[in-house]
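Here are the chains, one letter per residue:
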Amino acid sequence: MTLRKPQLLHSFFSLITLTLVLTQSHLKAENPPNIVIIFCDDLGYGDLGVYGHPTIQTPNLDCMAAEGMKFTQFYSANAVCSASRASLLTGRYPPRHGTLGVYFHHHQTGLNPDEITLAEGLKAEGYSTACIGKWHLGHKEEFLPLAQGFDSYLGVPYSNDMAVDPGMSFAKDAIFSEDWSLEKVRSYDLKKNKPPRNLVPLLQGNEVIEFPTDQSLLTKKYTEAALSFISENKDSPFFLYLAQTMPHIPLFASEDFLGKSLRGIYGDTIEEIDWSVGVILDHLKKLKLTDNTLVFFTSDNGPWLSVKLKGGSQGLLRGGKFTTWEGGHRVPAIAWWPGKIEPTVTSEMASTIDLFTTGLSLAGANSPSDRTIDGLDISPLLFGKGPSPRKEFSFYKTNNLQAYRKGGWKIHFKVQKETGGRPGERLETPLLFNLHADPSEQYDQASVHPELVSELSKSLDN
Ligand code: MG
């Protein structure tokens, strides 16, 4: 994938364009709500108590779901980290924004700066914006959160099983642990003398402040940063994008949680995330912000099944991360806004791409008019005023439409092993599943409904 390098003049025109495409908004919302998105990494559909896990204890998320809207048919836009995040932040399917897979620490590229992120859209409406946690949309300065609409950033710039890029910018007072030093970092290169994996940097803004960061403290650090950001911005609308590093492998939990869950270390990490959610919701209550704050909790993709016990559970769904089976895309999702969102369990369809459009709509802004946005405004669903506008969903593997859902029916044009891997050739006869009756995608209905196969196959031509 080739991306144009941003240049000064280009950035100037981008700013003008952004202003023009977003100033066509309807009347500014009178009291625009705060928006908090908590995004887990590789958390599966079956990994929370409230989604049926028998031994992982998630009392705070269970309570959040009981007080808010729990989705049973919510899709992450892609089954891998970077593509999923790019879609969440732009409201577009991967072939449109061009982030098709996963960025590694040795990649020098990232989310195309020409994309308009939710943070940029909300910033134009006067929001304060913060990104805390895993970014994974490019770790070079021109791709980092500060260049993509966020006022501040604290986090690990990519997956926690990656390594340091020896060319990164380090803060003057960066803290090194174990036997690391700046000289040692710089002594590596990305081709011959590769830096060790699973040792990752913690960034503040565009600079590394800790290397290697102690991963057992990440959930705590992210939570503390989230509380500070909320306190500092309690009097103005804010957008907090909190992307947890866990439960992506390698798994770490702080001392308070380590060894506590019956599910082992995987459960420890989820239980710590659950604690974090509880602390954040309590903080919003304490600051009396709950009547004007939407909190949305979800995951970037399904569980990593090939790592077995170290990965999560897709519950009753088929397949996991990397795949276009339901277990790769369908994730837990909870929307919470006491007094505004009634306690509900919804089987209406929605997706992470819809959070872009919904977020802008809540802020009183229209979606950008100069490009195709795939996200839809689900606020009528959230506020009990109607069904979800989402009636269909496209499952992409890189640039390829591999499966497509319309209503309760899902067609697969290509399939993969349930744990991932390369897709096979295009199926001569696609597979067809009735997801309402068969969420586990077990019983192919293609021969029973050839008319549906031919109707749904038209999605390939769009
Ligand atoms: Mg992931």
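Residues numbered from 1 in each chain as written. Predicted model: local features only at pLDDT ≥ 70, side-chain atom pairs only at ≥ 80, totals over all residues. Heavy atoms only, no water.

Taken in spatial order, the four strands line up as β12-β13-β14-β15 in an open sheet, and their pairing is antiparallel. Edge strands, defined here as strands with exactly one partner in the open sheet, are β12 (392-397) and β15 (431-434). Across the sheet, the mean angle separating the axes of adjacent strands is 20 degrees when strand polarity is ignored. Summarising the sheet, strand β14 (residues 409-412) and β15 pair through four bridges and their orientation is antiparallel. Opposite I411, over in β15, you have L432 as the bridge partner. (Pairing = 2+ DSSP bridges. Helix = DSSP H or I, 4+ residues; strand = E, 2+ residues; numbered from the N terminus. Axes fitted to C-alpha atoms, helices over the stretch in contact; angles between N-to-C directions.)

Most of helix α10 (residues 353-362) sits inside the fold, with nine of its 10 residues counted as buried. Restricting attention to buried positions, one finds in α10 the residues I353, D354, L355, F356, T357, T358, G359, L360 and L362. Buried residues along α10 sit in contact with β1 (34-40), α3 (81-90), α5 (118-123), β9 (293-299), β11 (344-351) and α11 (379-382). At the exit of α10 stands G364, carrying a positive phi of roughly 85 degrees. (Buried < 20%, exposed > 50% of the residue type's maximum accessible area, 1.4 Å probe, protein only. Contact = heavy atoms within 4.5 Å.)

Below, the discussion takes up the packing of aromatic side chains. This structure, assessed with the given rule, holds 21 aromatic pairs. Judged by centre distance (5.8 Å) and plane angle (65 degrees), the rings of Y93 and F393 are edge-to-face. Here Y93 is found in the loop between α3 and α4 (94-97), whereas its partner F393 is found in strand β12, with 300 residues between them in sequence. Of the two residues, Y93 and F393, neither departs from the other in class, the shared state being buried. Ring-pair connections join several aromatic residues into one group, and the members of that group are F39, W135, F150, F239 and Y241. Above the ring of Y51, the side-chain terminus of K70 is found at 4.6 Å from the ring centroid. (Phe/Tyr/Trp six-rings, centres within 6.5 Å; stacked < 30°, edge-to-face > 60°. Lys NZ or Arg CZ within 6 Å of the ring centre and 35° of its normal.)

Turning to the coordination of the magnesium ion, a few remarks are in order. Around the magnesium ion, the protein contributes the donor atoms D41 (OD), D42 (OD), C81 (SG), D300 (OD), D300 (OD) and N301 (OD1), which lie 2.1 to 2.8 Å from the metal centre. Here the magnesium ion binds six donor atoms, and the angle range of 51 to 156 degrees at the metal identifies the geometry as irregular. All donor residues of the magnesium ion come from one chain, and their arrangement in sequence is D-D-x38-C-x218-D-N. A residue pair is termed long-range when its members are at least 10 positions apart, and D42 in the loop between β1 and α2 (59-67) and C81 in helix α3 qualify at 39 residues. With a relative accessible area of 2%, D42 lands in the buried category. (Donors = N, O, S within 2.8 Å, 3.2 Å for Na, K, Ca; no water. Tetrahedral: all angles 85-135°; square planar, octahedral: opposite > 155°, others 65-115°.)

Taken as a whole, the second largest pocket encloses approximately 320 Å³ of empty space. For the second largest pocket, the lining is made up of 15 residues, of which Y93, R96, S394, Y396 and N462 are closest to its centre. Put simply, the parts of the chain that give the lining of the second largest pocket at least two residues each are β12 and β13 (400-406). For the lining of the second largest pocket, the element with the highest residue contribution is β12, accounting for three residues. Grouping the constituent residues of the lining of the second largest pocket by class yields seven nonpolar, three polar and five charged. When residues of the lining of the second largest pocket are assigned to domains, at least three map to each of domain 1 (33-390) and domain 2 (395-461). (1 Å grid on protein atoms, 1.4 Å probe; cavity = no way out; pocket = protein on both sides within 12 Å on 5 of 7 lines; lining within 4 Å. Points joined across faces, edges and corners; volume = space filled by probe spheres on them. Nonpolar A, V, L, I, M, F, W, Y, C, P; charged D, E, K, R; others polar. Domains from an automatic or database assignment.)

What follows covers the domain arrangement of the protein chain. As a measure of interface size, the accessible area lost when the parts come together is often cited. Under the domain assignment, the protein chain is made up of domain 1 (33-390) and domain 2 (395-461). The distance between the C-alpha centroids of domain 1 and domain 2 comes to 28 Å. Opposite the 23 residues of domain 1 that make contact, domain 2 presents 25 residues. In total, about 2,000 Å² of surface goes out of reach between domain 1 and domain 2, with carbon and sulfur atoms giving 54% of it. Three residues stand out in domain 1 for area buried against domain 2, namely R318, T324 and W325, and they jointly supply 32% of the buried area on that side. There are two salt bridges connecting domain 1 and domain 2. (Buried area = accessible area lost by both parts, 1.4 Å probe. Salt bridge = Lys/Arg side-chain N within 4 Å of Asp/Glu carboxyl O.)

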